[in-house]
Amino acid sequence: SNVFGSNVFDILIAMAIPWALRYQFMGTQQLIKMEADGFATAVFILALVMIFYVACVAICKFTLPRKVGYLHVGLYGVFLVYVFVSNLAVFKA
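Here the structure is a predicted model, which means the values were calculated and not measured.

Procedures and definitions
- Residues numbered from 1 in each chain as written.
- Predicted model: local features only at pLDDT ≥ 70, side-chain atom pairs only at ≥ 80, totals over all residues.
- Heavy atoms only, no water.
- Helix = DSSP H or I, 4+ residues; strand = E, 2+ residues; numbered from the N terminus.
- Buried < 20%, exposed > 50% of the residue type's maximum accessible area, 1.4 Å probe, protein only.
- Areas by Shrake-Rupley, 256 points an atom, 1.4 Å probe, with all protein chains shown as cover.
- Axes fitted to C-alpha atoms, helices over the stretch in contact; angles between N-to-C directions.
- Parallel < 35°, antiparallel > 145°, perpendicular 65-115°, else oblique.
- Contact = heavy atoms within 4.5 Å.
- Nonpolar A, V, L, I, M, F, W, Y, C, P; charged D, E, K, R; others polar.
- Disulfide = S-S within 2.5 Å.
- Polar contact = N/O pair within 3.5 Å; in protein donor to acceptor, adjacent residues only side chain to side chain.

A. Region of interest: the overall build of the chain. Secondary structure summary: the chain contains 4 helices and 0 strands in total. Start at the N end of the chain and walk to the C end: the helices and strands fall as α-α-α-α. With 93 residues in all, the chain has 8% of them scored as buried. Summed over its atoms, the accessible surface of the chain is roughly 7900 Å², and 73% of this surface lies on carbon and sulfur atoms.

Here's what the structure looks like:
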């Protein structure tokens, strides 16, 4: 539940408060533009990791062996590298 709760908090609070404060003090004449190149791919990869996590927990009878934890940390590192590299336009022609 911590995995889900942390992400929900980040999206609903940590992203919303700075935008709300900016609009409160600076008005809404210039809206913040979000660049979303690769967003669908990132969401797809994170969904696969979540499915893999739930499957691992179910297969391991609701325990998380140390090896599986290290594997998830490694997968998250690969995901971070992918996001940073793809946003630096390395893969774009």
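Having put the structure on the table, let's press on.
B. Expanded view of unusual backbone geometry. Backbone geometry places Lys61, a non-glycine residue, at a positive phi of 55 degrees. Summarising the element assignment, Lys61 is placed in the loop between helix H3 (39–59) and helix H4 (66–87). Although it is not a glycine, Phe62 sits at a positive phi angle of roughly 60 degrees. Relative to the assigned elements, Phe62 resides in the loop between H3 and H4. A residue is classified by how much of its surface remains accessible, and Phe62, at 69% relative accessible area, is exposed.

C. Structural context of the packing of H3 against H4. Running from amino to carboxyl end, H3 crosses H4 at an angle of 180 degrees, the nearest separation of the two axes being 11 Å. Between H3 and H4, the angle is such that the two are roughly antiparallel. Each of Thr41, Ala42, Ile45, Leu46, Val49, Phe52, Tyr53 and Cys56 in H3 lies in contact with H4, whose residues at this interface are Val68, Leu71, His72, Leu75, Phe79 and Tyr82. Its residues assigned to classes, the contact of H3 with H4 comprises 12 nonpolar, 2 polar and no charged.

D. Representation of the state of the cysteines within the structure. Following the criterion strictly, the structure yields 0 disulfides and no others. Cysteine Cys56 is unpaired, with the sulfur of Cys60 as its nearest cysteine sulfur at 6.0 Å.

E. Just the environment of Ile45, in detail. Along the chain, Ile45 turns up in helix H3. Given the relative accessible area of 25%, Ile45 is considered partly exposed. Discounting residues that sit within four places of it in the chain, Ile45 has contacts with Phe79 and Tyr82.

F. Up close: the side chain of His72. In this fold, His72 is placed in helix H4. Among the polar contacts listed, one links the side chain of His72 to the backbone oxygen of Val68, at a separation of 2.9 Å.

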